[in-house]
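Spelled out from the first residue to the last, the chains are:
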Amino acid sequence: MLDELRPFYDSFSSIDELCDVLQPCPITTKDNTRVFPLKERVYLKLTIADPFASYASMAVQIIGPTEEVAHLRHVLSDGLGNWDVELDMHKNLLHIFDLCYFPMPAEIDLKKDDDEQQRCNICFEYRLDNGEVPLVSCDNSRCVLKCHASCLKEWFNTLVEGKTFLEVSFGQCPFCKAKLSTSFAVLLKN
Ligand SMILES: [Zn+2]
Ligand SMILES: [Zn+2]
């Protein structure tokens, strides 16, 4: 391994070990993003644009319901100012969000692929061939349905009136009509 690349692999190895990385799947050495849960319905997407400059080129995106994301973005931008270069990426992120650990799947949990609750409510699959899992939920906390970002995109495309998808609003939940957060758009980019 090239020594200059060590920080890149080291930063992701603690994330891979200690977070419930949902995407990409499977993880290859070429992947420079990780998506994992921060809390119920909210996910973090880490991107390291330049493996030779891990921290300098790192981006942290928060994906989830609108209000939650707005609040957590403030927490994140405050926290990034206090980034401790002595600590790894995983520990810094825990500090920023005031957590002891990121959520991991419960050991006795059903395998996600077998759990109907986890499936996409448009295509009824869990993991798609491209590795994508259903992460999009709407702003209505009582609506428990989740979808793949790509399934929603396709669904919006089929609507005759042509709903806005990636611009001002991500659109409405197909099930309860509540708002969908624009933060989910980052799931469509790799
Ligand atoms: Zn789907
Ligand atoms: Zn809904």
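One structure accompanies this document, and this report is about it. (Residues numbered from 1 in each chain as written. Chains lettered and ligands numbered in written order. Predicted model: local features only at pLDDT ≥ 70, side-chain atom pairs only at ≥ 80, totals over all residues. Heavy atoms only, no water.)

So, the overall build of the protein chain
Counting its secondary structure elements, the protein chain contains four helices and three strands. Counting the 190 residues in the protein chain, one finds 42% classified as buried. Residue pairs at least 24 apart in sequence account for 47% of intrachain contacts in the protein chain once pairs closer than 6 positions are excluded. Of the roughly 11,000 Å² that the protein chain leaves accessible, carbon and sulfur atoms contribute 51%. (Helix = DSSP H or I, 4+ residues; strand = E, 2+ residues; numbered from the N terminus. Buried < 20%, exposed > 50% of the residue type's maximum accessible area, 1.4 Å probe, protein only. Contact = heavy atoms within 4.5 Å. Areas by Shrake-Rupley, 256 points an atom, 1.4 Å probe, with all protein chains shown as cover.)

Remarks on the coordination of the zinc ion (ligand 2)
Protein ligation of the zinc ion (ligand 2) involves Cys138 (SG), Cys143 (SG), Cys173 (SG) and Cys176 (SG), the donor distances falling in the range 2.3 to 2.4 Å. Classification of the site at the zinc ion (ligand 2) rests on its four donor atoms, whose angles at the metal span 97 to 116°, yielding the label tetrahedral. Taken in chain order, the donor set of the zinc ion (ligand 2) reads C-x4-C-x29-C-x2-C. Residue Cys143 is found in the loop between helix H3 (89–96) and helix H4 (149–158), and its partner Cys173 is found in the segment after H4; the two are separated by 30 residues along the sequence. Overall, Cys143 belongs to the buried group, its relative accessible area being 7%. (Donors = N, O, S within 2.8 Å, 3.2 Å for Na, K, Ca; no water. Tetrahedral: all angles 85-135°; square planar, octahedral: opposite > 155°, others 65-115°.)

A look at the nonpolar core
Counting residues in hydrophobic clusters, the biggest one holds 24 residues, and the most contacted among them are Leu93 and Phe97. Secondary structure elements with two or more residues in this core: helix H1 (6–18), strand S1 (33–39), strand S2 (42–48), strand S3 (58–63), helix H2 (66–80) and H3. The contacts of Phe97, once residues within four sequence positions are left out, are Leu38, Leu44, Ile62, Leu72, Val75 and Leu76. Ranked by size, the runner-up nonpolar core spans 23 residues in total, among them Cys120, Leu135, Ala178 and Leu187. (Core = buried A, V, L, I, M, F, W, Y, C linked by side-chain atoms within 4.5 Å.)

As for the pattern of salt bridges
As a working rule, side chains carrying opposite charge can pair if their charged atoms are close by. Taken as a whole, this structure holds two salt bridges when the rule is applied. The shortest N-O distance in the salt bridge between Lys39 and Glu68 comes to 2.8 Å. Of the two residues, Lys39 sits in strand S1 while Glu68 sits in helix H2, which places them 29 residues apart along the sequence. Look at Lys39 and you get partly exposed, because its relative accessible area is 37%. Take Glu68: its relative accessible area is 26%, and that puts it in the partly exposed class. (Salt bridge = Lys/Arg side-chain N within 4 Å of Asp/Glu carboxyl O.)

Topic: the coordination of the zinc ion (ligand 1)
Tetrahedral coordination by four donors places them ideally at 109.5 degrees to one another around the metal; octahedral coordination by six donors ideally gives 90 or 180 degrees. Distances from the zinc ion (ligand 1) to its protein donors, Cys120 (SG), Cys123 (SG), His148 (ND1) and Cys151 (SG), fall within 2.0 to 2.4 Å. One way to put it: the four donor atoms around the zinc ion (ligand 1) meet at angles of 99 to 121°, and that makes the site tetrahedral. Read in sequence order, the donor residues for the zinc ion (ligand 1) give the motif C-x2-C-x24-H-x2-C. The exposure class of Cys123 is partly exposed, given its relative accessible area of 25%.

Overview of the packing of aromatic side chains
Summed over the entire model, instances satisfying the criterion amount to five aromatic pairs. Taken together, a centroid distance of 5.4 Å and an interplanar angle of 75° make the contact between Trp155 and Phe156 edge-to-face. Feature note: the residues Phe8, Tyr9 and Phe12 constitute an aromatic cluster, connected by ring pairs. Of note, Arg34 hangs over the ring of Phe12, and the distance from its end group to the ring centre comes to 4.1 Å. (Phe/Tyr/Trp six-rings, centres within 6.5 Å; stacked < 30°, edge-to-face > 60°. Lys NZ or Arg CZ within 6 Å of the ring centre and 35° of its normal.)

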